[in-house]
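Results of the structural survey
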Amino acid sequence: MKVSEVNIHRVQIPLRHSFSQSNNSSVLSDSTIVEVITANRCSGFGESCPRLYVTGEDFTTVSNAIQTIENHLKDTVFDNVYDIRNYVMEDLLTQTGPAASTAIELALLDAWSKEQQTSINRMMGATLPDCVFYSGVVPMRSPEATAQVMQLISRIQFPELKLKVDGDLNANLARIMAIRDVFPQQVPLRVDVNCAWSWEDAMTQIPLLLQQGITVFEQVFPSDQVEEMARLQRYFDDDICLMADESLTTLGSALRLVRSGACKRFNLKISKHGGLFNTLEIYHLAQENGISCQLGAHFGETRILTAAGLVFTGLARNLTALEGGLGTLLLEYDLSEIPLQINSSAAISKPEELLNSPGWGVEAVL
Ligand SMILES: [Mg+2]
């Protein structure tokens, strides 16, 4: 397979419900969709969600990076899925960036799968579970608005929830009460701080949140404060599980987190690690070092990243939780009319059957 044309699209789809966390808020999704057209005139589509506050990338930097490697990409011959893997891991990620690498990798896998007329699951050797359950994510709102948003979220029986919090302890406790008004205490709740706390905030908030049954704390400090994270994890020891998100992008950042003992869990996201193969490598590193992993998502991911996430669950069977999968529950429309999203039990059932056809299920950028 050879690539003869590359098209890059910015896709911003209105959200049915605005999204907010301590370091970002939006009423639109924001994905970069790359289309590769092969010499056989087969179109492959890939997606990433570049975020300045995560990998330092946005649509413009991703477009520019892809243009710089376009000729090299067109000169490369892909004879099997290992050629795609080697190209992505050895050339692409270092020459572009995680979001650019992800969009191209997923587009190449889509095109190869369509040319070979086989499913991406089969091509990747993934065995998908019968049913995949997702966690609910509660955006950061005022306590009153949290109560309102919980009326919507409670229509889905999420087995686990994550709350976006900030430095306001009283507001955080009120948000938790709003959640507990509709979801019973048995439904595990974790919090995502999105870099908003100082050391003093952590010392004040963690003991009180522990009393609320919360033990998993995601990205409490700014992304470069890895030694502070390690100090906090040591201070509370087994009472808490710190989870790295914004601090965890490339394999190098994963190694730094492992070596410093900065956390007990990784929040993996395909888009911020440079695609499926690079995310798998970080997953294996975590497994070897006793760090658990969940698969997260950027808000507003379309069918392509949802499908890639499902394939990942068939390759990395030991995940503590999965996020995303909202499809048109969050987006006004998706890139395919055939839905790939959770049901009222927060599950995608029989994903193997849903992804049985070649490709991710997207044929055009709407
Ligand atoms: Mg996070």
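What this report covers is the structure whose coordinates are included nearby. None of these values were measured; they are calculated from a predicted model.

1. Let's talk about unusual backbone geometry
Here R41, not a glycine, exhibits a phi torsion of approximately 65°, which is positive. Position of R41 relative to the elements: it lies in the loop between β4 (31–38) and β5 (43–48). Accessibility expressed as a relative area gives 57% for R41, which makes it exposed. With a phi close to 75°, C195 is a non-glycine residue in the positive phi region.

2. Digging into empty space enclosed by the protein
Applying the stated rule across the entire model yields one cavity of 30 Å³ or more. As a volume, the largest cavity reaches approximately 100 Å³. Contributing to the lining of the largest cavity are 14 residues, with L295, E301, L305, G309 and E323 lying nearest its centre. Examining the composition of the lining of the largest cavity, we find that four residues originate from one element, helix α13 (residues 303–315), more than from any other. Counted by class, the lining of the largest cavity contains seven nonpolar, five polar and two charged residues.

3. Thoughts on the layout of surface pockets
In this approach, a probe sized like a water molecule rolls over the atoms, and the result shows the empty space that is left. Taken as a whole, the largest pocket spans an internal volume of roughly 720 Å³. Lining the largest pocket are 39 residues, with F19, V137, P139, L326 and L330 sitting closest to its centre. Secondary-structure elements contributing two or more residues to the lining of the largest pocket are β2 (14–21), α1 (52–55), β7 (136–138), α6 (143–153) and β8 (161–164). Here the lining of the largest pocket gets four residues from one element, more than from any other, and that element is β2. Of the residues assigned to the lining of the largest pocket, the class counts are 16 nonpolar, 12 polar and 11 charged. Built from parts of two domains, the lining of the largest pocket gets at least three residues from each of domain 1 (3–118) and domain 2 (131–354). Of the volumes computed, that of the second largest pocket is approximately 240 Å³. Around the second largest pocket sit 15 residues that line it, and V132, F133, L319, A321 and L322 are the ones nearest its centre. Counting only elements with at least two residues in the lining of the second largest pocket, the list comes to β6 (131–133) and β14 (319–322). Among the elements that make up the lining of the second largest pocket, the one with the highest residue count is β14 (four residues). Taken together, the residues that form the lining of the second largest pocket break down as 10 nonpolar, three polar and two charged.

About the criteria used
Residues numbered from 1 in each chain as written. Predicted model: local features only at pLDDT ≥ 70, side-chain atom pairs only at ≥ 80, totals over all residues. Heavy atoms only, no water. Helix = DSSP H or I, 4+ residues; strand = E, 2+ residues; numbered from the N terminus. Buried < 20%, exposed > 50% of the residue type's maximum accessible area, 1.4 Å probe, protein only. 1 Å grid on protein atoms, 1.4 Å probe; cavity = no way out; pocket = protein on both sides within 12 Å on 5 of 7 lines; lining within 4 Å. Points joined across faces, edges and corners; volume = space filled by probe spheres on them. Nonpolar A, V, L, I, M, F, W, Y, C, P; charged D, E, K, R; others polar. Domains from an automatic or database assignment.

Any link to function would need more than the numbers given here.
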